[in-house]
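# Structure at a glance
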Amino acid sequence: IRTDLLTAKCLRATVLVAARIIRFAKFNMGAAIATRGGPRIRARIGMHTGALVVGNIGGKDQFNYTCLGDTVNLASRLEAANKVYGTRILLSRDT
């Protein structure tokens, strides 16, 4: 897959995930809950492209499906930076 095509697919997936989160919040939480001071769903997305390790990590008795690596850490930091900048989606230059 060409890099620009892969980037376009990642961006499309990010927008679709954000749209689904908004739809979930509107239909499942309801405007009435939000107006009564109930919980509001706010989602932030950080996206970075690079190598990572994904799979079942752990030992024989206990393991978790997770992803590890600098790519994941940077995406997590971008997600957190959304709060500072008042945005919902941040992408790295590498994406």
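Preceding this paragraph is the structure being described.
Being a predicted model, the structure only gives us computed values, none of them experimental.

## Overview of a nonpolar patch on the surface
- On the surface, a nonpolar cluster with roughly 210 Å² of combined accessible area is contributed by L11, I89 and L91.
- Following the sequence through the fold, I89 ends up in strand β4 (residues 89-91).

## Details of the pairing of strand β3 (residues 63-68)
- In terms of strand pairing, strand β2 (residues 53-58) meets β3 through six bridges, oriented antiparallel. Residue I57 lies in a different strand from β3, and its bridge partner there is N64.
- Hairpin remark: β2 followed by β3, antiparallel, with four residues in the connecting loop.

## Regarding helix α2 (residues 70-85)
- Here α2 is 16 residues long and its end C-alpha atoms lie 22 Å apart, about the 22 Å a rise of 1.5 Å per residue gives.
- Residues T71, A75, L78 and N82 constitute the buried set of α2. All buried residues of α2 lie within an arc of 55° about the axis, which places them on one face of the element. With respect to the buried face of α2, the exposed residues turned more than 90 degrees away are D70, R77, K83 and V84.
- Looking one or two residues beyond α2, the residue adopting positive phi is G86, at roughly 70°.

Thresholds applied
- Residues numbered from 1 in each chain as written.
- Predicted model: local features only at pLDDT ≥ 70, side-chain atom pairs only at ≥ 80, totals over all residues.
- Heavy atoms only, no water.
- Patch = residues over 30% accessible without salt bridge, like charges linked within 9 Å, V, L, I, M, F, W, Y side chains within 5 Å.
- Areas by Shrake-Rupley, 256 points an atom, 1.4 Å probe, with all protein chains shown as cover.
- Salt bridge = Lys/Arg side-chain N within 4 Å of Asp/Glu carboxyl O.
- Helix = DSSP H or I, 4+ residues; strand = E, 2+ residues; numbered from the N terminus.
- Pairing = 2+ DSSP bridges.
- Expected span 1.5 Å × (residues − 1).
- Buried < 20%, exposed > 50% of the residue type's maximum accessible area, 1.4 Å probe, protein only.
- Arc of directions from axis to C-beta.

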